[in-house]
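Architecture at a glance
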Amino acid sequence: MNQSTPSANILVVDDTPANLRLLVEILQQQGYLVRPVTHGKLALSAAQGLPPDLILLDIFMPEMDGYEVCQQLKNNEKTKDIPIIFISAANEIIDKVKAFQVGGVDYITKPFQVEEVLVRVTTHLNLCALQKKLSQKNEELTTIIEQLTQTQTQLIQTEKMAALGNLIAGIAHEINTPMGAIRSSIENIASFFDSQLIKLPKLHDNINSDVQENMAQLIKIYQQQNEYYSTREKRQIRKKLVNKLEEENIDKSDEIADTMVDLGIHTPEQLEDFIPLIQHPDGYRILEETYYLTTLQTSTKTILTATERATKIVYALKSYAHFESQNKAIKSNIIEGIETILTLYHNHLKKGIEVIKNYTEIPLISCYPDQLNQVWTNLINNAIHGMNNQGTLIIDIIQEQQMVKVIMTDNGLGIPLEIQDKIFEPFFTTKAKGEGSGLGLDIVKKIINKHQGTIEFESMLGKTSFIVSLPINLE
């Protein structure tokens with residue numbers, strides 16, 4: 001036995017017993033494990049049951065010749081990579097060409113020389129081993145390239161977020177200064193209207209107490225109105241009021257009717273109470289004055305609401321883009337983080353998505369809040385995409401012993417069963433090309449793992465839930 005020759009599993013196929021015994025003997029002397037078979041069908045069964053490292057195959061055999069055996073082996077996923085050396089008495093060029101065409105790697109002509117057989121067997125076993133190593137190295141390189149690509153993407157994202165944080169901080173500072181001035185001024189104006197508008201009737205000394213009371217009542221109706229009427233409905237209301245005013249022989253009935261509709265008077269019965277005010281010599285001027293001042297009050301409230309909204313958005317942007325200078329966990333309120341992301345997605349959500357919040361009182365948890373913001377961003381964005389911007393998003397936040405659970409449920413189309421085991425894989429995405437990198441949920445899972453937590457999901461048509469569990473205290 002040649003101790004320097006590596007052991008290998010060789011299948012020898014030949015219907016001539018003498019040839020078969022000779023090949024088995026010389027190969028076993030070299031330390032190979034040899035399995036002899038005498039016909040093609042048995043060769044196929046043996047190769048599929050325990051794939052050998054190499055096959056020595058005769059051509060001319062009963063029932064199934066070597067060419068057909070080779071073709072079937074090459075068509076089978078389990079055996080297609082096994083090197084096959086043909087050994088045959090046929091020495092015509094056409095026989096050799098056909099052997100290579102059906103997938104053979106070498107051809108030995110009978111009667112063969114022992115040294116030739118051993119050299120060719122050793123050569124092809126070495127080539128096969130090298131090919132396997134090369135294939136393994138290629139797989140390792142592919143994995144490394146994917147990991148490097150993923151790491152590069154994450155680094156780019158980190159750099160982008162850092163740059164975005166600096167940019168937003170500067171913009172927020174520039175916006176906050178004028179916003180503060182606007183807010184302060186508009187609050188003063190709003191406070192003035194709230195306290196002084198109701199006193200407007202008393203400023204008119206030339207009108208009697210009944211007319212003053214009429215005016216005060218009209219202001220109150222305007223301030224309390226909460227119904228919205230379409231343009232068509234307003235035209236119909238206006239027509240009825242004009243008819244009522246004309247019955248009372250009041251001039252400028254069209255203009256007065258317009259003003260009364262805007263002030264909240266929508267029926268002839270309501271209008272009846274204000275006829276004394278309208279019939280007053282200065283009634284038309286008083287109505288116009290009341291209308292302008294009440295409209296100004298409404299505009300003031302609108303500006304106040306808008307500035308509050310703008311301030312909230314700036315705060316949310318600063319919270320989202322801010323990166324802690326020290327890379328360590330801090331105590332944080334995850335509800336505030338989720339509310340920040342909901343604020344940033346306000347425009348997407350308001351177009352057709354109802355958000356239901358079931359929050360329970362939970363403690364502060366040890367976490368990396370900026371990274372968790374990326375988790376909430378991905379989950380909310382995926383829910384919006386899954387519902388095609390129309391549906392209901394339910395967010396449940398509860399405490400279970402020493403864990404906090406965040407459950408986000410949408411009523412979208414769900415995740416198809418055939419891809420459910422792939423959604424956390426890097427670069428896998430169901431979104432259109434250019435809309436998603438396929439790294440969202442992969443990054444989410446890595447962030448949750450970093451927090452020593454878990455992320456699971458349940459999905460069916462009409463309901464998908466992602467369940468994030470986080471420990472209250474990181475070890």
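Looking at an unreviewed UniProt entry, one finds the protein named histidine kinase and attributed to Aphanothece hegewaldii CCALA 016. UniProt lists a comment for the protein under the heading Catalytic activity (unreviewed entry), and it reads "ATP + protein L-histidine = ADP + protein N-phospho-L-histidine."

**Digging into the sheet that holds strand E11 (residues 454-460)**
Here five strands make up an open sheet; going across it, the order is E7-E9-E10-E12-E11 and the pairing mixed. Only two strands of the sheet have a single partner each, and these edge strands are strand E7 (353-359) and E11. The mean angle between the axes of side-by-side strands here comes to 15°, regardless of whether they run parallel or antiparallel. Inspection of the sheet shows E7 paired to strand E9 (residues 391-400) by seven bridges, in the parallel sense. Each bridged residue has a counterpart across the sheet, and for isoleucine 353 the counterpart in E9 is glycine 391.

**Re helix H2 (residues 40-49)**
Along H2, the residues classified as buried are Gly40, Ala43, Leu44, Ala46 and Ala47. Buried residues in H2 make contact with strand E1 (9-13), strand E2 (33-37), strand E3 (54-57) and helix H3 (66-75).

**Side note on the UniProt feature "modified residue: 4-aspartylphosphate" (unreviewed entry) in the protein**
Those residues carrying the UniProt feature "modified residue: 4-aspartylphosphate" (unreviewed entry) are Asp58 in this numbering. Assessed through its relative accessible area of 4%, aspartate 58 is described here as buried. Excluding anything up to four places from it in sequence, aspartate 58 contacts Val13, Asp14, Asp15, Gly66, Ile87, Ser88 and Lys110.

**Quick notes on the nonpolar core**
Leu372, Trp376, Leu379 and Phe466 are the most contacted members of the largest nonpolar core, which has 40 residues in total. Sorting the residues of this core by element identifies helix H12 (334-344), strand E8 (365-367), helix H14 (369-386), E9, strand E10 (403-410), helix H15 (440-450), E11 and strand E12 (463-471) as the ones contributing at least two each. Of the residues forming this core, the biggest block, seven residues, is contributed by H14. Filtering out sequence-adjacent residues up to four positions away, leucine 372 remains in contact with Ile334, Ile365, Cys367, Ile447, Ile448, His451 and Leu470. Listed in part, the 23 residues of the second largest apolar core include Val13, Leu44, Ala46 and Tyr67.

Definitions and cut-offs
Residues numbered from 1 in each chain as written. Predicted model: local features only at pLDDT ≥ 70, side-chain atom pairs only at ≥ 80, totals over all residues. Heavy atoms only, no water. UniProt positions renumbered as here; feature names shortened; annotations may be inferred. Pairing = 2+ DSSP bridges. Helix = DSSP H or I, 4+ residues; strand = E, 2+ residues; numbered from the N terminus. Axes fitted to C-alpha atoms, helices over the stretch in contact; angles between N-to-C directions. Buried < 20%, exposed > 50% of the residue type's maximum accessible area, 1.4 Å probe, protein only. Contact = heavy atoms within 4.5 Å. Core = buried A, V, L, I, M, F, W, Y, C linked by side-chain atoms within 4.5 Å.

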